[in-house]
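Fold and geometry: a report
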Amino acid sequence: MTTLAEKPVEAPEAAAAAPAARARTRRRWQRAVSPVALLALWEAGARAGVIPEEKLPAPSLVLQTGWRLAGDGTLGEHLADSLTRAGIGLLIGGVLALALGAVAGLLRLGDDLVDPPVQMARMLPHLALLPLLIIWVGIGEELKITLVALGVFFPLYFNVYAGIRDIDERLVEAARTCGLNPWQRLRHVVLPGALPALFLGLRLAIGAAWLSLVVGEQVNADRGIGFLMMEAREFSQTDVVVLGLFVYALLGLLSDVLLRIVERRTLTWRRGLKAA
Amino acid sequence: MASRTEGGLTTPVRATGVRRAFGPAVVLDGADLHIAPGEVVALLGGSGSGKSTLLRALAGLDAEAGGDIRVTRSQAVVFQEHRLLPWKRVDGNVALGLSGPGVRERVAAALTEVGLGDRGRAWPAELSGGQSQRVAFARALVREPELLLLDEPFGALDALTRLKMQELFGRLHERHRFAALLVTHDVDEALLLADRVLVLDGGRIAQELDVRLDRPRAPDDPGFAPLRRQLLDRLGVPLARRA
Ligand SMILES: Nc1ncnc2c1ncn2[C@@H]1O[C@H](COP(=O)(O)OP(=O)(O)O)[C@@H](O)[C@H]1O
Ligand SMILES: [Mg+2]
């Protein structure tokens, strides 16, 4: 009886696995159709002269320009400047968010002292601080880095705080009965427990970092991708402006993919959890 | 307030006048509890009678508990939920807090004892409820405790798995001879495993019953029925069926 009842249940499941994978592949192709079509339309429209070149040059022309600027080192130089700004801002904002988020998440006194002002500051869209920041730190490098650091700080702080707060108290207790002292509990329970939230915060933070960079680099920059774009605008080099957009988009995409890979490697244990 | 754990005791648990209140609600009102080396004591009581509260006080997990609590430092706890760290593999969970040479061998031996010698590299999420609870037992036993505190350790398992786990507990106790406080709401389980059964009621130990039955025991042993009747009466459970 039992074997009879089980077999028909298992058989279609095993058989269904292959078509399901094929269906998934087909969907992925389907989802590529409209973006490729749009790109082709854009290219064709530009070549036929329907889209004026000074408004929006053909994608092939943008790529050519990219190739040329990469070849003579201009693109690399400006990219390095932008990356440096983003990196320093990320570092400053990230360290501050980690430190304050941990203090607020772990200590009751820290929670009472740190969290309320941060919650209040969150209501301000940080990009709206630009005029005030210009008065405070001027229009130089400090402005760009401060803006990035501010953008990074908030999402990371909130996720570190929530990640620590959401840890199952019962696991901490079990670790205590296993003889772990507070530092060991921090290392074996709190840190790994908060890691998924930390990755989420980091992803949001990096997104905010690029956004802040874009805005910051439009204020009196003499180098960086933003400067490249502003300068090109003055000389009506639309292809360079669009190239800058491509670069920004690519930076966002690459950093996200990279972070996802690191996350998957670090949080191996979660894969089993999802399958279960 | 209460004196905490101490080592080198002849009596693993010597607790007198344990008190605990949550706000105005007094949950423990002077409970006394002694456990001799190697003795298995079952703690019965209705839901919300304070069994877990008493166990947590003994485990040193409740700083607010009052009274004179002397418990050996060589202790381990098994909870109703396995409480394995999902981000550590099974062997890492068992090894939690251990140091010194031979940890790897000790962990492997403990896992083999609970019948999971080949699952050391598995993630907790890959185990069934019964297997997870066996890992929790291995994690407790690998410390070779004088005292094992168990809070309804089989409560979340299905009936068949529970029987197997009770049998495993008997075997492990036979070999390691730890003293144990087994919190349970299952009268048969208490009679099956314990040398002595306590009933917690009104914040105190309201009844104490020695179980002098030969081991291994089975619920259909002739000596079971009167003891079961007595305990169920004390717990206020009416006997629907007259045996
Ligand atoms: N942290 C707590 N805060 C407030 N009340 C609690 C807390 N823990 C337990 N209690 C109360 O104490 C009583 C005993 O709880 P517990 O020891 O868990 O009972 P048992 O384990 O016997 O079912 C219950 O009425 C419960 O509501
Ligand atoms: Mg309980």
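Owing to the predicted nature of the structure, the values given are computational and were not obtained by experimental measurement.

About the criteria used
- Residues numbered from 1 in each chain as written.
- Chains lettered and ligands numbered in written order.
- Predicted model: local features only at pLDDT ≥ 70, side-chain atom pairs only at ≥ 80, totals over all residues.
- Heavy atoms only, no water.
- Helix = DSSP H or I, 4+ residues; strand = E, 2+ residues; numbered from the N terminus.
- Rg over C-alpha atoms; globule rule 2.2 N^0.38 Å.
- Buried < 20%, exposed > 50% of the residue type's maximum accessible area, 1.4 Å probe, protein only.
- Contact = heavy atoms within 4.5 Å.
- Pairing = 2+ DSSP bridges.
- Right-handed = clockwise from strand over helix to strand, strands pointing away.
- UniProt positions renumbered as here; feature names shortened; annotations may be inferred.
- Near = heavy atom within 4 Å.
- Polar contact = N/O pair within 3.5 Å; in protein donor to acceptor, adjacent residues only side chain to side chain.
- Areas by Shrake-Rupley, 256 points an atom, 1.4 Å probe, with all protein chains shown as cover.
- Nonpolar A, V, L, I, M, F, W, Y, C, P; charged D, E, K, R; others polar.

Looking only at helices and strands, chain A features eleven helices and zero strands. Each helix and strand of chain A, ordered N terminal to C terminal, gives the series α-α-α-α-α-α-α-α-α-α-α. Over its C-alpha trace chain A gives a radius of gyration of 25 Å, far above what one expects of a compact globule, namely 19 Å for 276 residues. Dimensions of chain A, computed from the C-alpha atoms along their principal axes, are close to 75 × 60 × 30 Å. Scored against the burial criterion, the 276 residues of chain A give a buried share of 38%. If you take every contact in chain A between residues at least 6 apart in sequence, the share linking residues at least 24 apart comes to 72%.

A few words on the pairing of strand β6 (residues 147-151) of chain B. Where a strand is regular, its side chains alternate between the two sheet faces. All names here are of chain B. The element β6 is extensively covered by neighbouring structure, given that five of its five residues are classed as buried. Neither face of β6 is open: one carries Leu-147, Leu-149 and Asp-151, the other Leu-148 and Leu-150, and all of them are buried. As defined by bridge partners, strand β5 (residues 75-78) adjoins β6 across four bridges and the pair is classed as parallel. Bridging from a neighbouring strand, Val-77 pairs with Leu-149 of β6. Pairing between β6 and strand β7 (residues 179-183): five bridges, direction parallel. For Leu-149, the partnering residue across the bridge sits in β7 and is Leu-181. With respect to chirality, the unit in which β6 leads through helix α5 (residues 159-176) into the neighbouring parallel β7 is right-handed.

Glancing now at the UniProt feature "domain: ABC transporter" (unreviewed entry) in chain B. Under the feature "domain: ABC transporter" (unreviewed entry), the UniProt entry names residues 13-227 of chain B. Spanning residues 13-227 of chain B, this segment combines 31% helix with 27% strand, and its end C-alpha atoms are found 25 Å apart.

Now for the site of ligand 1. All names here are of chain B. By nearness alone, every residue bordering ligand 1 is listed as Phe-22, Val-27, Gly-46, Ser-47, Gly-48, Ser-49, Gly-50, Lys-51, Ser-52 and Thr-53. For ligand 1, an oxygen atom lies 3.0 Å from a polar atom in the backbone of Gly-50. Contact between ligand 1 and Thr-53: an oxygen atom at 2.5 Å from a side-chain N or O atom of the residue. Coverage of ligand 1 by the protein amounts to 52% of the 560 Å² it exposes when considered alone. The greatest single-element share of the shell around ligand 1, amounting to three residues, is contributed by helix α1 (residues 51-58). Considered class by class, the residues forming the shell around ligand 1 number two nonpolar, seven polar and one charged.

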